[in-house]
Amino acid sequence: VAMGGMKAIALPDNFMPQRIENAATGPAAQGSEGHIVFIPGSSDATFNVYSITGQLVKVVRVSADQRTTVEFPKGFYIVKCSNQWSRKVVVR
């Protein structure tokens, strides 16, 4: 199906889009197989992880320029970073 002059392409069944962020520019959180990777960027960061129902599950504090990996059960989570942003993270 074409929309607005753009061609549609078929993606493989296992395609998972991923956000790629530069740790030097700011904090990031990425879901993966059984865990979430927390990247604070150039300064210390605090990440609050919430269940999809809004319950606080874990608070993760990460020192500047360090990556921290924390195991989580499969599911959807909302990660808030130091009141800067919040986003959905999927753990497969």
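Each remark here, short or long, concerns the structure printed above.
Residues numbered from 1 in each chain as written. Predicted model: local features only at pLDDT ≥ 70, side-chain atom pairs only at ≥ 80, totals over all residues. Heavy atoms only, no water.

(A) Summary view of the overall build of the protein. Scanning the protein for helices and strands turns up zero helices and seven strands. Secondary structure elements of the protein occur, N-terminal to C-terminal, as β-β-β-β-β-β-β. Across the 92 residues of the protein, 27% fall into the buried class. Look at the contacts in the protein between residues 6 or more apart in sequence, and 46% of them connect residues 24 or more apart. Carbon and sulfur atoms make up 51% of the accessible area of the protein, which totals about 6,500 Å². (Helix = DSSP H or I, 4+ residues; strand = E, 2+ residues; numbered from the N terminus. Buried < 20%, exposed > 50% of the residue type's maximum accessible area, 1.4 Å probe, protein only. Contact = heavy atoms within 4.5 Å. Areas by Shrake-Rupley, 256 points an atom, 1.4 Å probe, with all protein chains shown as cover.)

(B) Looking closely at the pattern of salt bridges. In this structure the tally under the stated criterion is one salt bridge. As a salt-bridge pair, E33 and R92 come within 3.3 Å of each other at their nearest N and O atoms. You can see E33 sitting in the loop between β1 (28-31) and β2 (35-39) and its partner R92 sitting in the segment after β7 (85-91), a full 59 residues away along the chain. With relative accessibility at 27%, the residue R92 sits in the partly exposed group. (Salt bridge = Lys/Arg side-chain N within 4 Å of Asp/Glu carboxyl O.)

(C) Inspection of the pairing of strand β3 (residues 45-51) at higher detail. Side-chain alternation along β3 places A45, F47, V49 and S51 on a buried face and T46, N48 and Y50 on a face that remains uncovered. Between β3 and strand β4 (residues 56-62), which pair antiparallel and follow one another directly, the connecting turn spans four residues, one of which, G54, has a positive phi of 95 degrees. (Pairing = 2+ DSSP bridges.)

(D) Highlighting the sheet that holds strand β5 (residues 68-71). One open sheet holds the three strands; their spatial order is β1-β2-β5, and the pairing between them is antiparallel. Since the sheet does not close on itself, it has two edges, and those belong to β1 and β5, each with one partner. Adjacent strand axes in the sheet meet at a mean angle of 20 degrees when their direction is disregarded. (Axes fitted to C-alpha atoms, helices over the stretch in contact; angles between N-to-C directions.)

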